[in-house]
Amino acid sequence: MVVDDSIFHNFDIDASANSVAARLVSSDTDLSQRMFFHTVDVMDLTESLKGFDVVFLAALVGMDKKEKIKVIEHLEKHMSPGAVLMLRSAHGPRAFLYPIVEPCDLQGFQVLSVYHPTDEVINSIVISRKLGGDGINGDVHDHIDQASDLACNCSKIHVIMNKKKNIIEEFAGEEQLT
Ligand SMILES: C[S@@+](CC[C@H](N)C(=O)[O-])C[C@H]1O[C@@H](n2cnc3c(N)ncnc32)[C@H](O)[C@@H]1O
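Residues numbered from 1 in each chain as written. Predicted model: local features only at pLDDT ≥ 70, side-chain atom pairs only at ≥ 80, totals over all residues.

Please explain the overall build of the protein as it appears in this structure.
Secondary structure summary: the protein contains four helices and six strands in total. For the protein, with 178 residues in total, the buried portion stands at 18%. In the protein, once contacts between residues fewer than 6 apart in sequence are set aside, the share between residues at least 24 apart is 68%. (Helix = DSSP H or I, 4+ residues; strand = E, 2+ residues; numbered from the N terminus. Buried ≥ 20, exposed ≤ 12 C-beta atoms within 10 Å, placed from the backbone. Contact = placed C-beta atoms within 7 Å.)

Set out below in structure tokens:
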């Protein structure tokens, strides 16, 4: 991957998010010429997804776990074998802000790396590769087993976070009634 002459296609469902992003990069003549902005729902992208070596998925594309998994399944269906998916996840109490994506949620992908920052950066990063490309299927099951081990604690934390979210929603509901 050569970032210096890579071309970036940015897809956002919200036109105003695209125009803010386009303004942000406009001062960099080189980069802005390699950035293209498309206002579209990622769930409507099919064939065009096959053309990308790397897909970056933002944290809030899929506001909860169920929606997020639908997006991941859609990407798995349409990305090219061997292409890389980099997505943002969360860890521990940061699950209040962003959905947690666990390695076991990435069906059809080989999880390469999971990084949970311990500083002020909020999002974790999960890097994976769509299965089916040349020479990458050999020890997939080992990776998936290792990844599932990694996932165990996240699952427990997720259950706790979901319970807390429900309690907060109940409080909010009670406040509206009073
Ligand atoms: C947290 S922001 C991402 C900000 C920034 N692009 C990043 O990754 O750091 C999430 C963005 O995803 C967009 N989004 C949410 N659902 C989407 C979908 N189904 N298709 C395309 N964009 C979507 C929102 O409009 C919002 O601009």
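I would appreciate a short explanation of the site of the ligand in the present structure.
For the ligand, the full set of nearby residues is Phe 11, Asp 12, Ile 13, Asp 14, Ala 17, Asp 41, Val 42, Met 43, Ala 58, Ala 59, Leu 60 and Val 61. Of the residues contributing to the shell around the ligand, the split by class is nine nonpolar, no polar and three charged. Viewed by domain, the shell around the ligand spans two of them, domain 1 (1–40) and domain 2 (52–177), each represented by three or more residues. (Near = placed C-beta within 6 Å. Nonpolar A, V, L, I, M, F, W, Y, C, P; charged D, E, K, R; others polar. Domains from an automatic or database assignment.)

Explain helix 3 (residues 65–78) here, please?
Residues that lie three or four places apart on an α-helix share one face, since the helix turns once every 3.6 residues. In this model, helix 3 (14 residues) spans 20 Å end to end at C-alpha, consistent with the 20 Å of a helix rising 1.5 Å per residue. Buried residues of helix 3: Lys 68, Ile 72 and Leu 75, and no others. Projected down its long axis, helix 3 carries its buried residues within an arc of 60°, all on one side. Away from its buried face, by an angle of more than 90 degrees, helix 3 presents the exposed residues Lys 66, Lys 70 and Lys 77. Tucked into the core, helix 3 has its buried residues touching strand 3 (54–57) and strand 4 (84–89). (Expected span 1.5 Å × (residues − 1). Arc of directions from axis to C-beta.)

What is the right way to look at the pairing of strand 4 in this model?
Each regular strand shows side chains that alternate between the opposite faces of the sheet. Of the two faces of strand 4, only the one carrying Leu 85, Leu 87 and Ser 89 is buried; Val 84, Met 86 and Arg 88 on the other face are not. Bridge count for strand 3 against strand 4 is four bridges, and the pairing is parallel. Looking at the pairing, Val 55 lines up with Leu 85 of strand 4. Handedness of the crossover is the feature at issue here: the chain leaves strand 3, passes through helix 3, returns alongside strand 4, and the resulting connection is right-handed. (Pairing = 2+ DSSP bridges. Right-handed = clockwise from strand over helix to strand, strands pointing away.)

Would you mind going over the sheet that holds strand 3 with me for this structure?
Through backbone hydrogen bonds, the strands of a sheet pair up, either in parallel or in antiparallel fashion. The mixed open sheet is built from four strands, whose spatial order is 3-4-6-5. This sheet does not close on itself; its edge strands, each paired only once, are strand 3 and strand 5 (109–115). Across the sheet, the axes of successive neighbouring strands diverge by a mean angle of 20°, strand direction being ignored. Here strand 5 pairs with strand 6 (residues 124–130) via six bridges, running antiparallel. In the strand pairing of strand 6, Phe 109 is matched with Lys 130. (Axes fitted to C-alpha atoms, helices over the stretch in contact; angles between N-to-C directions.)

Where do I start with the environment of Arg 94 in this structure?
Within the fold, Arg 94 resides in the loop between strand 4 and strand 5. Between the alpha carbons of Arg 94 and Ala 58 there is a distance of 15 Å; along the sequence they are 36 residues apart.

Looking at this structure, I do not really get the confidence of the model for the protein. What am I missing?
Low-confidence regions, as indicated by low pLDDT, have predicted coordinates that should not be scrutinised in detail. Within the protein, residue pLDDT values average 82, and 73% of them lie at 70 or more. Counting interchain partners and residues more than four positions distant, the pLDDT-below-50 stretch residues 137–165 has 24 contacts. Across residues 167–173, confidence stays below pLDDT 50; counting only partners more than four residues off in sequence or on other chains, it has zero contacts. The ipTM for the predicted assembly is 0.93, set against a pTM of 0.77. (pLDDT = per-residue confidence, 0-100.)

Teacher, can you tell me more about the environment of Lys 70 here?
Structurally, the position occupied by Lys 70 is in helix 3. Each C-alpha atom of the pair Lys 70 and Met 43 lies 8.8 Å from the other, and the pair is 27 residues apart in sequence.

Explain the environment of Leu 75 here, please?
On the secondary structure map, Leu 75 appears in helix 3. Those residues in contact with Leu 75, other than ones at most four positions away along the chain, are Leu 49, Val 55 and Leu 85.

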